[in-house]
Amino acid sequence: MSFGSIWAVGAGNMGGAMLRRWLTTGLDPARLTVIRKSGAAFAEGVATLSAVPADGDAPELLLLGVKPQMLDLVAGPLAAAMRPGTVLVSILAGVEDAALRARFPGARIVRAMPNLPVAIGQGVVGLHMVDDEPELRAAIDELMAPLGLVAWMDDAAAMDVVAAVAGSGPAFLYRFVDALAAAGVAAGLPVEQSAELALATVVGAAAQAGASDVGPAEMAERVASPGGSTRKGLDVLDGDAGLGALMTRTIAAAVARNREMAAAAR
Ligand SMILES: NC(=O)C1=CN([C@@H]2O[C@H](COP(=O)(O)OP(=O)(O)OC[C@H]3O[C@@H](n4cnc5c(N)ncnc54)[C@H](O)[C@@H]3O)[C@@H](O)[C@H]2O)C=CC1
Ligand SMILES: O=C(O)[C@@H]1CCC=N1
């Protein structure tokens, strides 16, 4: 990895998942400093501070992982502690490059939109950088590679959609698992067995789709025997008020909220 020292501010669900994955895939803990209000230990060998040090050695890379609403609480002391050229990787949903630039003048800004499965190296990380610096892009590619699929977005506006589809996506899938299980219960399965079958079905089907050389539409056709029961179920999902319409509304609601958070940070 090309970054000698990394500070992470906000090591909660998402930032923490990225850091833990980097540590399990070879990041030297001595290169990482976690800054968290509690000051509680993060991981063995990782320095943990409860506030931004006023006179510490500024890092080569800063991972910003607080909630967008907390940005202004951390930005002042961080900006003062950083050196020109520090790479700022922000995972804040919505918050735009210009909003970050205004708060961290001199930083080289990269927006990243990860999702929680980065914890097991099977996440998605959408990336956007206004100034295309090929060397920095390569270093970020190398940093993000252990997390899962890495996708650079040319259009900054697409980051709000990446946040909805990939960032929020796991939550939407978890809801699907629960809905599948609840529907199984409604149709007569015992509660625990329905939950177990639904989750195992989604895990197995997702893994198979991920390894398949055909797309999900063809995979669905292979399940649906002509004249069989799957077709009847797909007819419901594919109907006018079916899954397509529901997901369109779901993603639109999440994108709209990301845009509201962007506006609030301007
Ligand atoms: N949870 C997810 O799946 C995803 C989250 N994100 C983004 O990640 C960011 C964090 O979200 P989560 O991890 O879900 O939230 P979280 O609440 O789990 O983590 C935020 C962390 O920031 C810490 N924090 C708050 N104020 C602080 C301060 N002054 N100094 C240092 N640390 C402070 C909190 O203690 C907490 O650990 C958000 O900006 C969100 O948009 C992006 C993609 C996915
Ligand atoms: O809910 C949120 O605001 C963040 C953005 C993507 C996933 N979690």
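Owing to the predicted nature of the structure, the values given are computational and were not obtained by experimental measurement.

Structural notes on the nonpolar core
Grouped together as the largest cluster of nonpolar side chains are 33 residues, with contacts concentrated most on I140 and M144. Breaking this core down by element, the ones donating at least two residues are β1 (6–9), α1 (13–24), β2 (32–35), β4 (61–64), β5 (87–90), β6 (108–113), β7 (123–128) and α4 (134–144). Sorting elements by how many residues they give to this core places α1 first, with 6 residues. In contact with M144, other than residues within four places in its own chain, are M18, W22, V89, A112, V125, L127 and V150.

Examining the sheet that holds strand β3 (residues 47–49)
Read from one edge to the other, the open sheet built from 8 strands follows the order β3-β2-β1-β4-β5-β6-β7-β8, with strand pairing classed as mixed. Lying at the two open borders of the sheet, with one neighbouring strand each, are β3 and β8 (148–152). The sheet shows a mean angle of 20° between the axes of neighbouring strands, taken without regard to direction. Across the sheet, α1 touches β1, β2 and β4, and the angle it forms with β4 is around 140°.

Here's the deal with the pattern of salt bridges
Under the counting rule described, the total for this entry stands at 10 salt bridges. In this structure, the salt-bridge partner of R231 is E221, at a minimum N-O distance of 2.8 Å. Of this pair, R231 sits in helix α9 (residues 229–237) while E221 sits in helix α8 (residues 216–223); the two residues are 10 residues apart in sequence, bridging distant segments of the chain. Of the residues examined, R231 reaches a relative accessible area of 27% and is grouped as partly exposed.

Focus on helix α5 (residues 158–167)
The buried fraction of α5 amounts to 7 of the 10 residues, a majority that puts the element mostly inside the structure. For α5, every residue scored as buried is listed here: A158, M159, D160, V162, A163, A164 and A166. Packing partners of the buried residues in α5 comprise β6, β7, α6 (169–186) and α10 (243–265).

So, the site of ligand 1
Neighbouring ligand 1 are 20 residues, the closest being N13, M14, V66, A93 and P114. A distance of 2.8 Å is found between an oxygen atom of ligand 1 and a backbone nitrogen or oxygen belonging to M14. The contact in question runs from an oxygen atom of ligand 1 to an N or O atom on the side chain of K67, over 3.3 Å.

Here we look at the site of ligand 2
Around ligand 2, the surrounding shell consists of A93, A163, G167, S168 and M261. Protein contact buries 52% of the 250 Å² of open area that ligand 2 shows by itself. Of the residues belonging to the shell around ligand 2, the class tally is 3 nonpolar, 2 polar and no charged.

Focus on the UniProt feature "domain: Pyrroline-5-carboxylate reductase catalytic N-terminal" (unreviewed entry) in the protein
Mapped onto this numbering, the UniProt entry gives "domain: Pyrroline-5-carboxylate reductase catalytic N-terminal" (unreviewed entry) at residues 9–94. Overall, residues 9–94 shows 27% helix and 19% strand. The separation of its end C-alpha atoms is 18 Å.

Thoughts on helix α2 (residues 71–81)
Looking at α2, one finds that the buried residues are L71, V74, A75, L78 and A81. With its buried residues spanning 135° around the axis, α2 presents them on a single face. Facing away from the buried side of α2, by more than 90 degrees, are the exposed residues D72, L73 and A80. Buried residues along α2 sit against β1, β4, α3 (97–103) and α10.

Cut-offs used in this document
Residues numbered from 1 in each chain as written. Chains lettered and ligands numbered in written order. Predicted model: local features only at pLDDT ≥ 70, side-chain atom pairs only at ≥ 80, totals over all residues. Heavy atoms only, no water. Core = buried A, V, L, I, M, F, W, Y, C linked by side-chain atoms within 4.5 Å. Buried < 20%, exposed > 50% of the residue type's maximum accessible area, 1.4 Å probe, protein only. Helix = DSSP H or I, 4+ residues; strand = E, 2+ residues; numbered from the N terminus. Contact = heavy atoms within 4.5 Å. Pairing = 2+ DSSP bridges. Axes fitted to C-alpha atoms, helices over the stretch in contact; angles between N-to-C directions. Salt bridge = Lys/Arg side-chain N within 4 Å of Asp/Glu carboxyl O. Near = heavy atom within 4 Å. Polar contact = N/O pair within 3.5 Å; in protein donor to acceptor, adjacent residues only side chain to side chain. Areas by Shrake-Rupley, 256 points an atom, 1.4 Å probe, with all protein chains shown as cover. Nonpolar A, V, L, I, M, F, W, Y, C, P; charged D, E, K, R; others polar. UniProt positions renumbered as here; feature names shortened; annotations may be inferred. Arc of directions from axis to C-beta.

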